[in-house]
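# Close look at the chain arrangement
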Amino acid sequence: MTMSAEKSYDLQDSGVLRFPEGFVWGAATAAYQIEGAARDDGRGPSVWDTFSRTPGKVHAGHTGDVACDHYHRYPEDVAIMRDLGLHSYRFSISWPRVQPDGSGPVNPRGLDFYDRLVDELLANDITPIVTLYHWDLPQTLEDRGGWTNREIAAHFADYAAIAHGRLGDRVETWTTLNEPWCSAFLGYASGIHAPGLADPALGFSAAHHLLLGHGLAVQALRASGAATVGVTLNLSPVIGDDTPAAELVDGLQNRIFLDPLLRGEYPADVVERARRFTDWSFVHDGDLETISEPIDLLGVNYYHPQTVTARSGEPANPVYPGSEGIAFGGADAPQTAMGWPVQPFGLTDLLLRLSRDYPGTPLIITENGAAFDDVVEDGEVHDTGRLSYLDGHLRAAHAAIEGGADLRGYLVWSLLDNFEWAEGYRKRFGVVHVDYATQRRTPKDSALWYSEVVRRNGL
Ligand code: IFM
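Residues numbered from 1 in each chain as written. Predicted model: local features only at pLDDT ≥ 70, side-chain atom pairs only at ≥ 80, totals over all residues. Heavy atoms only, no water.

As recorded by an unreviewed UniProt entry, the chain carries the name Beta-glucosidase and is attributed to Streptosporangium vulgare. Word for word, the UniProt comment on the chain under Catalytic activity (unreviewed entry) is "Hydrolysis of terminal, non-reducing beta-D-glucosyl residues with release of beta-D-glucose." (UniProt positions renumbered as here; feature names shortened; annotations may be inferred.)

Pasting the structure below:
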């Protein structure tokens, strides 16, 4: 889908907006970003342990060794969510905590942690939503080729069954992957994320094996009796006056995952463009049927649209292999601390586009939020930038519901400030501030405001 830059919605109207009854409000996190306890209770090493120790890969050499120490402080974090009135909490399970080598022996002490966390959530009336994979691949599997090795897909399905076997009596909603685009194209095509490989061909093969792992995991979860199964994608509408450029980037960002998952086919234009890197021989007969196994829920992570302009001589953006001749950026909008434009209308357009082009799959916003340079003043954090970002995006989500999108919930990214991957701890996305020296948590103004939104089920 492409959009013209002029398109916008009236998001300024501050009349009362109510969300549908039963709308799910919550917050999201991920294991490596908050847990810490990297060597506790038999956890195996992950690619992010290795990558963060590789000089020059992560800002200031930060690692997830301690992070928010959530592994030990989870009761306090659950209490914060309870006090905010959140309905739901999306967290990820660390594969190397549960299966230190990614296949073979299970580590019961790792599963015990998630057992305790789920019980604590339920005791506080908070519904758990589990993500099975949020980027912390067991290093042993990476040593055998990681997501570029087809064998990993079956290992992932085994791990899904193990996790469901322990938690499935209390957890209803399961998502397989978080943002496979990042795993494939930041991890294997551009080297920005772990494992730090930079080869476009590997990016496409990793994308396919992630999708195959998802499909096999859906089958494994269904066989174990999982009630609701889905996947989370990071999707960005592409804005540009040059239609072919915008179409190409839309294919490389969005349709490369949406089409196989929800239509059982790779988009022809993406297949053609990628032929300069790969012959696609990693796609075997029957794979697309597995990948398009029906799902109950599509998780949408939205932060900002992509603005693109055709510009001859422009080298390819390594995260979009084959994108030479296209310049990225230049949106006329305020920016967050990540340098990302604040353009809430993109969320409305995205949700309506999903409803139109991929009908029949309920949607949930599994991440939306913003980093700002927050400071604690007299025990308070006046994060007006984040508050207005969230306000704008909730209005945008509401507009999409009014336009017919089947949106079931909204999970803010993130509950806590945390390890922002290659950016280390310098970018703060939390609605709750974390002082990493003391591990003190301070709900920001945005958290208190969000709590009111949840209470009123509206704005
Ligand atoms: O922190 C990340 C998260 O792990 C995945 N989605 C985007 C967030 C902000 O960059």
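After that view of the structure, there is still more to cover.
## Concerning the site of the ligand
Neighbouring the ligand are Gln33, His134, Trp135, Asn178, Glu179, Tyr303, Trp340, Glu367, Trp413, Glu420, Trp421 and Phe429. Residue Glu179 places a side-chain N or O atom 2.7 Å away from a nitrogen atom belonging to the ligand. Contact distances for the ligand include 3.3 Å between an oxygen atom and a side-chain N or O atom of Trp413. Considering the ligand on its own, with 280 Å² of exposed area, one finds that the protein chains cover 95% of that surface. Class assignment for the residues of the shell around the ligand results in six nonpolar, three polar and three charged. (Near = heavy atom within 4 Å. Polar contact = N/O pair within 3.5 Å; in protein donor to acceptor, adjacent residues only side chain to side chain. Areas by Shrake-Rupley, 256 points an atom, 1.4 Å probe, with all protein chains shown as cover. Nonpolar A, V, L, I, M, F, W, Y, C, P; charged D, E, K, R; others polar.)

## Brief notes about the sheet that holds strand β8 (residues 297-301)
Here eight strands make up a closed barrel; going around it, the order is β2-β3-β4-β5-β6-β8-β11-β12 and the pairing parallel. Across the sheet, the mean angle separating the axes of adjacent strands is 25 degrees when strand polarity is ignored. Bridging between strand β11 (residues 363-367) and strand β12 (residues 407-413) involves two bridges; their strand directions are parallel. Residue pairing across strands places Leu363 opposite Leu407, the latter belonging to β12. (Pairing = 2+ DSSP bridges. Helix = DSSP H or I, 4+ residues; strand = E, 2+ residues; numbered from the N terminus. Axes fitted to C-alpha atoms, helices over the stretch in contact; angles between N-to-C directions.)

## A closer look at the packing of aromatic side chains
Within this structure, the stated rule accounts for 40 aromatic pairs. Seen from their ring centres, Tyr133 and Phe156 are 6.3 Å apart, and the 80 degrees between their planes marks the pair as edge-to-face. Pair noted here: Tyr133 is in strand β4 (residues 127-133) and Phe156 is in helix α7 (residues 151-167), with a separation of 23 residues, a long-range link. For the pair shown, Tyr133 and Phe156 are each scored as buried. An aromatic cluster is present here, built from Trp181, Phe185, Phe204, Tyr266, Phe277, Trp280, Phe282, Tyr320 and Phe328 joined pairwise through their rings. (Phe/Tyr/Trp six-rings, centres within 6.5 Å; stacked < 30°, edge-to-face > 60°. Buried < 20%, exposed > 50% of the residue type's maximum accessible area, 1.4 Å probe, protein only.)

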